[in-house]
Amino acid sequence: MTGTVEPMEAAHHERPGPSEPSLLEVQDLGLRFGGVKALDGVTFDVRRGELFAVIGPNGAGKTSIFNCLNGVYRPQRGSITLEGADLLRKGPAEIAGLGVSRTFQNLGLFENLSVVDNLMLGRHHLMRTGFLAGMAWWGRAKGEEVHHRESVERVIELLELEPFRTQPAGKLPYGVQKRLELGRAIAMEPKLLLLDEPVAGMNLEESEDMARYILDVRDRLNLAMILVEHQMALVMDLADRVMAMDFGVPITVGTPEQVQSDQRVVDAYLGAAS
Amino acid sequence: MRLPGTTRGPKVHGLMTRRYEDDLRLFGSGKAKLGLLALVLLYVFIPFFLTSDFWLSVLDYAGIAAIGALGLNLLTGFTGQVSLGHAFFIGLGAYACAQFGGPDELGLPLPVWLFCATLFGALVGALIGPFALRLRGNYLAIVTLGLIFLGEHLFRNLKDITGGNSGTNVDSEASFLGLDFADLSFAGENFSFNQGYFWLIWGLVALVTLLVKNLVRTRPGRALQAVRDRDVAAEVIGVQLGRYKVGAFAISSGLAALAGALFGSYQQFVSPDEFGLVLSIQYIAIIIVGGVGTVFGSIIGALVLGGLPGLIDKYSDSIPGVSTGSGDSGFISVFSLNQAIFGLLIVLFLVFEPRGLAAVWLRVKAYFKAWPFSY
Ligand SMILES: Nc1ncnc2c1ncn2[C@@H]1O[C@H](COP(=O)(O)OP(=O)(O)O)[C@@H](O)[C@H]1O
Ligand SMILES: [Mg+2]
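What you see is a predicted model; the values in this text were computed from it and never measured. (Residues numbered from 1 in each chain as written. Chains lettered and ligands numbered in written order. Predicted model: local features only at pLDDT ≥ 70, side-chain atom pairs only at ≥ 80, totals over all residues. Heavy atoms only, no water.)

## Some remarks on the overall build of chain A
Of regular secondary structure, chain A possesses ten helices and ten strands. Relative to the 2.2 N^0.38 estimate, which gives 19 Å for 274 residues, the radius of gyration of chain A is 19 Å and therefore close to what a compact globule would have. Here chain A holds 274 residues, and 57% of them are scored as buried. The long-range fraction of contacts in chain A, counting pairs at least 24 apart against all pairs at least 6 apart in sequence, stands at 69%. Element-wise, carbon and sulfur atoms account for 51% of the exposed surface of chain A, whose accessible area totals about 11200 Å². Placing the 28 positive and 38 negative side-chain charges of chain A at their respective mean positions leaves the two points 6 Å apart. (Helix = DSSP H or I, 4+ residues; strand = E, 2+ residues; numbered from the N terminus. Rg over C-alpha atoms; globule rule 2.2 N^0.38 Å. Buried < 20%, exposed > 50% of the residue type's maximum accessible area, 1.4 Å probe, protein only. Contact = heavy atoms within 4.5 Å. Areas by Shrake-Rupley, 256 points an atom, 1.4 Å probe, with all protein chains shown as cover. Lys, Arg positive; Asp, Glu negative; His and termini not counted. Charge placed at Lys NZ, Arg CZ, Asp CG, Glu CD.)

This is how it looks when you write it as structure tokens:
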């Protein structure tokens, strides 16, 4: 988990076999807001290196799953474990330290900070400099800044953010902001990356670029991803397995082909569209 | 997971080899080095050329205000926590100065009482922080307003320490390594109280500026700004909100107390009336006028506004409609004029230039970079 500078061979991506132990296990999750059942009986697992997709119409509860995984929401029922560690007992900052990172549906960038600073914040949990060491600068702080700035530079190269290094995040074009958020999430060197509608609001060209970056990330960094989308096309191209949801309840889990041809999934989407 | 390395060895961009260490230098460019040299020369020589006690006192008050404003800007500008309680911590520092440094009290030497007053402010801040910072926005402003009233009550009633309503003398020694800043003589030259304090105060401004600048460009300072910009996202990337909010509050309170200690030692006398809501609002005006969320803005704001009360007091005779003393019938008193000007500046800047003079300065600099090719 340290940002060493050695190059790593691009790992050839293989679909993980069902025999491998799961990285993440979610059991019977239940989340209510007053009378609204946002999640009910949600059970799934994500394997190492897997790209797991969650689809469903707006309001199906996709973002709520992420908020539970992150510790932002406290579900009333169920369990979430990452490599055996119980995430429900932990706060968001601690969960980040265990290797879960995320992008937000409506962007969660630090708008007044530069691209480099946003990415450096992704390294926050890997760094140690405290208030006093930071004020003193010479010693730990300086060494850490240089070291992690190098890791950040590799993210910049991977996502082609070179033209934007010193620009404030809030001033970037929308598509670049989405990419920067992906960058900040991978700068965290997570085991599990949660992407909440990474192509929402993008035109076709931007969406295709983003899909390419996601594939790049998956191939270069050996990590598991959960991809939330309400459009099916992207998911069908990228995902190893798909879970379809409607009204907070999972309808089915399977390969993209299986899910696509499932009559209940088609009905949920038609129902939401009418 | 590990980030892949895409190149081996030092990063090469075009023809240049890039070293991040060079990027991280505070005074990297030749221009910045020249600027630094100019500031050092000003620091050393201003008291030689500007010997007027009045103008030196304006600069001395401005320097004290700069230290306090750096503290408030760290909390409000960089961490996004609005506090009306800054004057409370300034007051704590002033009385702490008398206690730690007074010859009839602990009688500690200059660096020690400065440090102890700062630490005392920071500790009180760290104790109060966890309660105050559960709240956000306007609620936080109201709770910190409560600190002002609590402070005034304590300052008026703890008579043994504060002298009550009539105030107390602050006669802490201001000497360090044989240099008595209150009565400085060096290389056969004698300097006035105001000259000596100029070097003391602005030396500390330089030190505090460096510390705060380092803080905001490293891990903890970035975390503060992340909390300000988007607290949920900050938590999700691993920033512990409570820790950083309380840390910012403690450092801000410590710097306020340092400013207060200098204030007390400079005036040699303090009374509870000086640490009311008006002082808090003056500090808010300083960071708004200077530039919220910039280190540099805290200092410009203090230079522009820190000496203002003194200036108004001096020139009130020549401002029509201002009553200057007893029996003098005027439209507005000096005190109210002060408040009105600070209030007006807050409103004007919030409406017309919310990013303060620091932003104006950056625009001017950008203009002259292109000069003479600007149109
Ligand atoms: N913080 C909240 N307070 C109240 N209701 C919420 C909150 N977050 C989500 N919900 C409700 O939970 C349901 C699922 O929302 P969400 O997870 O955002 O869906 P999706 O991401 O699939 O569009 C919706 O009915 C939504 O109104
Ligand atoms: Mg959503």
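Next, the rest of the story.
## A closer look at the pattern of salt bridges
Residues and elements named next belong to chain A. If you walk through the whole model with that rule in mind, you get 23 salt bridges over all chains. Arg102 is the salt-bridge partner of Asp196, the closest N and O atoms lying 3.9 Å from each other. With Asp196 in strand β7 (residues 192-196) and Arg102 in strand β6 (residues 100-102), this residue pair connects regions lying 94 residues apart in the sequence. The two residues Asp196 and Arg102 agree in class, both being buried. Between Arg212 and Asp209 there is a salt bridge; the shortest N-O distance is 3.7 Å. You can see Arg212 and its partner Asp209 sitting in helix α7 (residues 204-220), three residues apart, about one turn around the helix. Relative accessible area serves as the criterion here: at 31%, Asp209 is assigned to the partly exposed category. Through salt bridges with shared partners, a single network forms among Asp28, Lys37, Asp40 and Arg77. (Salt bridge = Lys/Arg side-chain N within 4 Å of Asp/Glu carboxyl O.)

## Some words on the coordination of the magnesium ion (ligand 2)
For the magnesium ion (ligand 2), the full set of protein donor atoms is Thr63 of chain A (OG1) and Gln105 of chain A (OE1), and the range of their distances to it is 2.0 to 2.1 Å. With Thr63 of chain A in helix α1 (residues 62-70) and Gln105 of chain A in the loop between β6 and α3 (115-122), the pair connects residues that are 42 residues apart, well separated along the chain. (Donors = N, O, S within 2.8 Å, 3.2 Å for Na, K, Ca; no water.)

## Some thoughts on the packing of aromatic side chains
Residue and element names in this part refer to chain B. Under the counting rule described, the total for this entry stands at 24 aromatic pairs over all chains. Ring geometry for Tyr61 against Phe263: centres 6.2 Å apart, planes inclined by 55°, an arrangement best described as tilted. Of this pair, Tyr61 sits in helix α3 (residues 53-78) while Phe263 is found in helix α11 (residues 241-267), placing the two residues 202 residues apart along the sequence. A centroid spacing of 5.7 Å and a plane angle of 90° characterise the contact between Phe89 and Phe249, whose relative ring orientation is edge-to-face. With a gap of 160 residues between them, Phe89 in helix α4 (residues 86-101) and Phe249 in helix α11 connect regions that are remote in the sequence. (Phe/Tyr/Trp six-rings, centres within 6.5 Å; stacked < 30°, edge-to-face > 60°.)

## Here we look at the sheet that holds strand β4 (residues 77-82) of chain A
Residues and elements named next belong to chain A. Read from one edge of the open sheet, four strands run β2-β1-β4-β5, paired in antiparallel fashion. Two strands in the sheet have a free side with no partner beyond their single neighbour: β2 (36-47) and β5 (85-86). Summarising the sheet, strand β1 (residues 22-33) and β2 pair through nine bridges and their orientation is antiparallel. Residue pairing across strands places Ser22 opposite Arg47, the latter belonging to β2. Sitting on the sheet, α1 is in contact with β1, β2 and β4, with an inclination near 70° to β2. (Pairing = 2+ DSSP bridges. Axes fitted to C-alpha atoms, helices over the stretch in contact; angles between N-to-C directions.)

## Digging into helix α15 (residues 334-352) of chain B
For α15 of chain B, built from 19 residues, the straight-helix expectation of 27 Å at 1.5 Å per residue is met to within 8% by its first-to-last C-alpha distance of 27 Å. Among the residues of α15 of chain B, Val334, Leu337, Asn338, Phe342, Leu345, Ile346 and Phe349 of chain B are the ones counted as buried. (Expected span 1.5 Å × (residues − 1).)

## So, the pairing of strand β8 (residues 224-229) of chain A
Residue and element names in this part refer to chain A. Summarising burial for β8: six of the six residues are buried, a large majority. Residue alternation in β8 divides its side chains into two sets, Ala224, Ile226 and Val228 and Met225, Leu227 and Glu229, and both sets are buried. Note: strand β3 (residues 51-55) against β8, five bridges, orientation parallel. Note on β8: the bridge partner recorded for Ile55 is Glu229.

## Concerning the packing of α4 of chain B against α11 of chain B
Residue and element names in this part refer to chain B. Two elements in contact, α4 and α11, have axes separated by 6 Å at closest approach and are oriented at 50°. Taken together, α4 and α11 sit at an angle that is classed as oblique. The chirality of how α4 crosses α11 is right-handed. Residues His86, Phe89, Ile90, Gly93, Ala94 and Cys97 of α4 form the contact with α11, whose participating residues are Phe249, Ser252, Ser253, Ala256, Ala257, Ala259, Gly260, Ala261, Gly264 and Ser265. Of the residues belonging to the contact of α4 with α11, the class tally is nine nonpolar, seven polar and no charged. (Parallel < 35°, antiparallel > 145°, perpendicular 65-115°, else oblique. Left-handed = near helix turned anticlockwise from the far one by under 90°. Nonpolar A, V, L, I, M, F, W, Y, C, P; charged D, E, K, R; others polar.)

## Examining helix α13 (residues 295-305) of chain B
In terms of residue burial, α13 of chain B counts as a mostly covered element, since eight of its eleven residues are buried. N-cap assignment for α13 of chain B: the residue whose side-chain oxygen lies 3.0 Å from the backbone N of Gly297 of chain B is Thr294 of chain B. (Polar contact = N/O pair within 3.5 Å; in protein donor to acceptor, adjacent residues only side chain to side chain.)

## Quick look at the environment of Glu21 of chain B
With respect to the helices and strands, the residue Glu21 of chain B is situated in helix α1 (residues 20-23). If near-sequence neighbours (up to four positions away) are discounted, Glu21 of chain B is found in contact with Lys142 and Val146 of chain A.

## Here's the deal with the sheet that holds β7 of chain A
Residue and element names in this part refer to chain A. The mixed open sheet is built from six strands, whose spatial order is β6-β7-β8-β3-β9-β10. Because the sheet does not close on itself, it has two edges, and the strands there are β6 and β10 (249-254). Taking each pair of neighbouring strands and ignoring which way they run, the sheet shows an average axis angle of 20°. Strands β3, β6, β7, β8 and β9 (241-246) of the sheet are contacted by α1, whose axis makes an angle of about 145° with β7. Across the sheet, α7 is in contact with β3, β7 and β8; its angle to β8 comes to roughly 160°.

## So, the environment of Leu92 of chain B
Residue and element names in this part refer to chain B. Positionally, Leu92 belongs in helix α4. Counting along the chain gives 23 residues from Leu92 to Phe115, while the straight-line C-alpha distance between them is 13 Å. Setting aside anything within four residues of it in sequence, one finds Leu92 in contact with Phe120, Val124 and Phe155.

## As for the site of ligand 1
Residues and elements named next belong to chain A. The environment of ligand 1 is made up of Phe33, Val36, Ala38, Pro57, Asn58, Gly59, Ala60, Gly61, Lys62, Thr63, Ser64 and Tyr73. At a separation of 2.7 Å, an oxygen atom of ligand 1 approaches a polar backbone atom of Gly59. Interatomic distance of 2.7 Å between a side-chain N/O atom of Thr63 and an oxygen atom of ligand 1. For the shell around ligand 1, the elements supplying multiple residues, two or more each, are β2 and α1. Considering every element that reaches the shell around ligand 1, the biggest residue donor is α1, with three residues. The residue makeup of the shell around ligand 1, split by class, is six nonpolar, five polar and one charged. (Near = heavy atom within 4 Å.)

## With respect to the pairing of β10 of chain A
All names here are of chain A. Sheet topology places β9 next to β10; five bridges connect them, and they run antiparallel. Within β10, the residue paired with Val242 across the bridge is Gly254. Counted along the chain from β9 to the antiparallel partner β10, the turn is two residues long, and its residue Phe247 has a positive phi close to 50°.

Keep in mind these numbers describe shape, not what the thing actually does.
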